[in-house]
Structure formats: structure tokens, C-alpha cells
Amino acid sequence: MSHPAIDESALLSSEQIRSLLSWVRENTEVQSAVYPFLASIEKAALLPGEAVALRVDDLMLPDGRVGGLLIRAGAGREAPVGPRLADLLKGWISSAGLKPGDLLFPGRSGAPLSSSAYRRVWKQAREAVLSPNEVEVGLGKHVASLRDFRVSTWLTADIPPWVVAEWVGMTASWVAVRYPHCFRTGRAEIDWDHLAEVLALPDVST
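Numbers given to residues run from 1 along each chain, matching the order in which its sequence is written. This being a predicted model, a pLDDT of at least 70 is required before a residue's local features are given, and a value of 80 or more before pairs of side-chain atoms are given or counted; all residues contribute to the totals for chains, interfaces and linings. With hydrogens and water stripped out, all remaining heavy atoms of the structure feed into the side-chain values.

J.: Which parts of the structure should I look at to understand the overall build of the chain?
T.: A run of DSSP states H or I qualifies as a helix once it reaches four residues; a run of E qualifies as a strand once it reaches two. Both are numbered from the N-terminal end. Counting its regular elements, the chain contains 10 helices and 3 strands. For the chain, the N- to C-terminal ordering of α and β elements is α-α-α-β-β-β-α-α-α-α-α-α-α. The classification of residues rests on relative accessible area computed with a 1.4 Å probe and restricted to protein chains. Under 20% of the type maximum is buried, over 50% is exposed, and intermediate values are partly exposed. Residue burial in the chain is summarised as follows: out of 206 residues, 39% are buried. Here, two residues are considered to be in contact whenever any of their heavy atoms come within 4.5 Å of each other. The contacts in the chain between residues at least 6 apart in sequence include a share of 61% that link residues at least 24 apart.

Right, here's the structure in full:
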């Protein structure tokens, strides 16, 4: 699968993300699992296919620590779950009456949430929230745009790229290729005096 570099201008903003997810949450005609499903993709940088496969047992929330979502696909990994997502998912599990072994985001009659269902909702949200021009140029066209937003946010918050790579199940080199705008040299603060000391050759006695 090809993962071309994503331009910074193609990323949704935090305000757009909030507005899109708020539209989904407040729309009573949307399947109830779609909002926590999309919020989890955004907050834990999941692929949609990974989120669909999650079960209640895959949510790990140890007391006093950041929790995790166990992604079983491929080599397996643990995606981070911060306090806000933890509270959202605990509330969702309780309100939906989910039990261990159940799908975390079930669709109709307990079947896996269909891609057509969440893609339709995402399309409706974009058309309701974004400007016609933003929709026309394809801003946030795919649900995976939520993942791109979160990964970029982590990187620009100076979380080491190898940590981010582990969280998203990719290599650090893939992260660098996919999000080049997060690695601009202009963002780096370099202590040139210290660097000169480190690189200085020792005095050579004559």
C-alpha cells in the first residue's frame, strides 16, 4: 500500500475536527456507535479497520496510568488511551450495555459496524460543517483524516517519532515520509554554543 506524503494544508484543523465530531454526536439519526468509533480513531490514531475489529476486552484502563487499546492486527500493538478517551469509552460501554467479548463498536444487531455506515455519516458531517470549497477540494475526504490529524498533533508536540511510530504500528521512516511538515528544521531549537563544544576537536600538543 502506498502512503504518499500529506501536505499540511490537507489536514483538518482542531476546530474543524471538533465541529465534525460534534455534528456526529448531536445527530440523533446516526447509529449510536459511530460517534465513539470516530472519536477513537481521532484520539488514538487508529485505522478505521482496526477500530471496527476492537472488542470490549481490548480496552485496558489501569488505575492511575494512561490506558491502551490492544490492536491485534499484524504484529499487534497497544495504542494509547488518554483520560478523555477513557472516560468516553467507559461511558459508551455502560450506556450500550456491552459485555466482555462484545464488539466495542457494534453495528445493527451486534454485527460489525459497516464501512458504508460510518462513511455515509462522515460524508454528511463534512457537507454540514465544511465550506463548499473545502468539500470540493477533498479536505478530510476520508475517515482516516482523523488519524492523520492526531499523528501530526503528536509529532508537533515533540513526542519522539519512534514513539509515535510504535503507537501507530508503522516505522519511524514511514512517519517521516508521511508527515514531512512535522520535521522542518525551522522548528528545531539548537544550542549552537553547546554543539560547537561537542564537535570541537581536542587540542593537539605540538
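J.: Which parts of the structure should I look at to understand the packing of aromatic side chains?
T.: The way to describe two aromatic rings as a pair is by their centre distance and the angle between their planes. Under the pairing criterion, centres of Phe, Tyr and Trp rings, with the six-membered ring standing for Trp, must be within 6.5 Å; the plane angle then separates stacked pairs below 30 degrees from edge-to-face pairs above 60, leaving the rest tilted. Applying the stated rule across the entire model yields 4 aromatic pairs. Here Phe37 and Tyr118 contribute two aromatic rings whose centre-to-centre distance is 4.7 Å and whose plane-to-plane angle is 35 degrees, an arrangement assigned as tilted. Of this pair, Phe37 sits in helix H2 (residues 34-44) while Tyr118 sits in helix H5 (residues 115-129), placing them 81 residues apart in sequence. Taken together, a centroid distance of 4.8 Å and an interplanar angle of 70 degrees make the contact between Trp154 and Trp167 edge-to-face. With a gap of 13 residues between them, Trp154 in helix H7 (residues 145-156) and Trp167 in helix H8 (residues 161-168) connect regions that are remote in the sequence. Accessibility expressed as a relative area gives 10% for Trp154, which makes it buried. Exposure remark for Trp167: the relative accessible area of 22% places this residue in the partly exposed category. Through a chain of ring-to-ring contacts, the aromatic side chains of Phe37, Phe105 and Tyr118 assemble into a single cluster.

J.: Explanation requested: the packing of H2 against H7 in the structure shown.
T.: In helix packing, the relevant descriptors are the interaxial angle and the interaxial distance, both defined with respect to the helix axes. In this description, a line fitted to the C-alpha atoms serves as the axis of each element, helices being fitted only across the stretch in contact, and the angle between N-to-C directions of two axes falls anywhere from 0 to 180 degrees. For the pair H2 and H7, interaxial distance at closest approach is 6 Å and the crossing angle is 30 degrees. One element, H2, and the other, H7, form an angle in the roughly parallel class. Between H2, through Leu38, Ile41, Glu42, Lys43 and Ala44, and H7, the contact on the second element is made entirely by Leu146, Arg147, Phe149, Arg150 and Trp154. For the contact of H2 with H7, the per-class residue count stands at 6 nonpolar, no polar and 4 charged. Angle categories: roughly parallel below 35 degrees, roughly antiparallel above 145, roughly perpendicular from 65 to 115, and oblique for all the rest. Here the term charged refers only to Asp, Glu, Lys and Arg, the term nonpolar to Ala, Val, Leu, Ile, Met, Phe, Trp, Tyr, Cys and Pro, and the term polar to all other amino acids, Gly among them.

J.: It is not clear to me how the pairing of strand S2 (residues 67-71) should be interpreted in this structure. Could you clarify?
T.: Looking down a regular strand, the side chains alternate between one sheet face and the other. With 4 of 5 residues buried, S2 is to be regarded as a mostly interior element. The pairing criterion for strands is at least two bridges between them, as found by DSSP. As judged from the 2 bridges shared by strand S1 (residues 59-60) and S2, these two strands associate in the antiparallel manner. Following the sheet pairing, Met60 is matched in S2 by Gly68. Note: S2 against strand S3 (residues 77-81), 5 bridges, orientation antiparallel. Residue Leu69 lies in a different strand from S3, and its bridge partner there is Ala79. Count of turn residues in the S2/S3 antiparallel hairpin: 5 residues, of which Gly74 carries a positive phi of about 65 degrees.

J.: What is the right way to look at the sheet that holds S1 in this model?
T.: What holds strands together in a sheet is hydrogen bonding between their backbones, with the strands either parallel or antiparallel. Ordered in space as S1-S2-S3, the 3 strands form an open sheet in which the pairing is antiparallel. The sheet is open, and its two edges are formed by S1 and S3, each paired on a single side.

J.: In this structure, what is going on with helix H1 (residues 14-26)? I would like to understand it.
T.: Every α-helix carries 3.6 residues per turn, so stepping three or four residues along brings you back to the same face. The span expected for a helix works out to 1.5 Å for each residue beyond the first. With 13 residues, H1 should cover 18 Å at 1.5 Å per step; its first-to-last C-alpha distance of 18 Å lies within 8% of that length. Each element contacted by the buried residues of H1 is listed here: H2, H5, helix H6 (132-136) and H7.

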